[in-house]
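Overview (structure and organization)
Now for the letters of each chain:
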Amino acid sequence: MFDSNGATKHFHDKARTSPYPGSKVERSPVPNEKVDWLVVWPEYCPVEYNAESVLAGPTWADPLLSESNFSPKFNEKDEHVDRRSKNGIYEIENGRPRNPVGRTGLIGRGLLGRWGPNHAADPIITRWKRDKRGSKITHPGSGKNTLQFVAIKRKDCGEWALPGGMVDPGEKISATLKREFGEEALNSLQKSTAEKRKLEKQLHKLFSQEQLVIYKGYVDDPRNTDNAWMETEAVNYHDDTGEIMDTLALEAGDDAGKVRWVDISDELSLYASHSEFIKLVAEKRDAHWSVDCETDCRGR
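Residues numbered from 1 in each chain as written. Predicted model: local features only at pLDDT ≥ 70, side-chain atom pairs only at ≥ 80, totals over all residues. Heavy atoms only, no water.

It is worth spelling out the overall build of the protein at this point. Assigned secondary structure in the protein consists of six helices and 13 strands. Relative to a compact globule of 300 residues, whose C-alpha radius of gyration would be 19 Å, the protein shows 20 Å and is just as compact. Across its three principal directions, the C-alpha atoms of the protein cover 65 × 55 × 35 Å. The buried share of the protein, reckoned over its 300 residues, is 49%. Across the protein, contacts joining residues at least 24 apart in sequence account for 69% of those joining residues at least 6 apart. Split by element, the accessible area of the protein, about 15,400 Å² in all, is 48% carbon and sulfur. One finds the centroid of the 44 positive side-chain charges in the protein at a distance of 4 Å from the centroid of its 49 negative side-chain charges. (Helix = DSSP H or I, 4+ residues; strand = E, 2+ residues; numbered from the N terminus. Rg over C-alpha atoms; globule rule 2.2 N^0.38 Å. Buried < 20%, exposed > 50% of the residue type's maximum accessible area, 1.4 Å probe, protein only. Contact = heavy atoms within 4.5 Å. Areas by Shrake-Rupley, 256 points an atom, 1.4 Å probe, with all protein chains shown as cover. Lys, Arg positive; Asp, Glu negative; His and termini not counted. Charge placed at Lys NZ, Arg CZ, Asp CG, Glu CD.)

Set out below in structure tokens:
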């Protein structure tokens, strides 16, 4: 979806995959050259799909656009729901917001609750990989120190991912980052009151230190449609000495099936655009990413 410098590419890939997650619905095929809305394509006839979980009317989802009492204010802060995109103004066509990156082969909302942008937050918790003596481990190929990050295995698709989640209406991004990490990587929802108080103090120490915003904007997510899409703010919190995370025992919870520390490298295969976020962290922290890349760079 974007390159290592954060520059937007011209099309999305995972947002055009079939079948649509959690269903047998096949998207209408969209070739690369016809993703852009500026390309005239009168024959374009996307499939419409809205998951039953969305149509059931949960609190996290918008009503149907046909409902008389529902008049969303797109591109604005709509009471507690932020319908603004981090990528700027998006177009409205026939009363529906239009995916700012282009065609996906499917209209409606799919599994997403909001028409237009659906905002998430992805905490990237990192530390240096160390040996038994506490010394940083250098990768033999690149000569750079190896970073590790906390990864969860999603229950819905079985892919490894960042322990992030959706921003609640009216919630600050900083609160979402801390809440989601606690719920998914530390199983905070199942802790006793005393354990939650202790955990909150530890999390406050981790999330009150200097942070590094890695990315803000559109995410190439398999749940995206022509009318609803994921956006995120990925933020890196780095425990340089490892002392903070040593006091926190990783325990999968909420939407996570497993949780563990993972070495950062170009061999990672993660959910949605998460691998690209991790690559940006490695570059920002001057850590190991790719043996080939480092060799090429030194040869220039």
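There's more to say after this.
Mapped onto this numbering, the UniProt entry annotates "domain: Nudix hydrolase" (unreviewed entry) at residues 128–284. A distance of 14 Å separates the end C-alpha atoms of residues 128–284, which is 27% helix and 26% strand. (UniProt positions renumbered as here; feature names shortened; annotations may be inferred.)

Between its terminal C-alpha atoms helix α2 (residues 173–185) stretches 18 Å, which fits the 18 Å expected from 13 residues at 1.5 Å a residue. Taken together, the buried positions of α2 are occupied by T176, L177, E180, F181, G182, E183, E184 and A185. At the C-terminal side of α2, N187 shows a positive phi close to 55°. (Expected span 1.5 Å × (residues − 1).)

Attention shifts here to unusual backbone geometry. Across the junction of S18 and P19, the peptide omega takes the value -5°, indicating a cis bond. The phi dihedral of N75 is positive, around 65°, even though this residue is not glycine. Positionally, N75 belongs in the loop between α1 (52–55) and β2 (77–78). Here the phi dihedral of N94 falls at roughly 55°; this positive angle occurs in a residue that is not glycine. With respect to the helices and strands, the residue N94 is situated in the loop between β4 (92–93) and β5 (96–97).

Moving on, we get to the UniProt feature "coiled-coil region" (unreviewed entry) in the protein. In the numbering used here, UniProt assigns the "coiled-coil region" (unreviewed entry) feature to residues 182–209. Annotated as residues 182–209, this span is 68% helix and 0% strand, and its ends, taken at the C-alpha atoms, are 16 Å apart.

This part covers the pattern of salt bridges. In the structure shown here, the tally under the stated rule is 20 salt bridges. A salt bridge links E91 to R98, with the shortest nitrogen-to-oxygen separation between them at 2.6 Å. For R98, a relative accessible area of 15% translates into the label buried. The salt bridge partner of R179 is D168, with a shortest N-O separation of 3.6 Å. A residue pair is termed long-range when its members are at least 10 positions apart, and R179 in helix α2 and D168 in the loop between β10 (165–166) and α2 qualify at 11 residues. On the basis of relative accessibility, which here comes to 21%, the residue R179 falls in the partly exposed class. Using a relative accessible area of 39% as the deciding quantity, one classes D168 as partly exposed. Sharing partners across several salt bridges, the network here consists of D168, E171, R179, E180 and E183. (Salt bridge = Lys/Arg side-chain N within 4 Å of Asp/Glu carboxyl O.)

Structurally, G158 can be placed in the loop between β8 (147–154) and β9 (160–161). Of the residues examined, G158 reaches a relative accessible area of 35% and is grouped as partly exposed. Along the primary structure G158 and D266 are separated by 108 residues, whereas in three dimensions their C-alpha atoms are 20 Å apart.

Any aromatic ring pair is given by two values, namely how distant the centres are and how the planes are angled relative to each other. All told, the structure shown has eight aromatic pairs when counted by the stated rule. Ring geometry for F74 and Y90: centres 6.4 Å apart, planes at 70°, overall edge-to-face. Residue F74 is found in the loop between α1 and β2, and its partner Y90 is found in the loop between β3 (81–82) and β4; the two are separated by 16 residues along the sequence. The buried category is assigned to F74, whose relative accessible area is 13%. Ring geometry for F181 versus F207: centroids 6.0 Å apart, planes at 55°, classification tilted. One end of the pair, F181, is in helix α2; the other, F207, is in helix α3 (residues 193–207), with 26 residues separating them in the sequence. Residues F181 and F207 agree in their burial class; the two are buried. (Phe/Tyr/Trp six-rings, centres within 6.5 Å; stacked < 30°, edge-to-face > 60°.)

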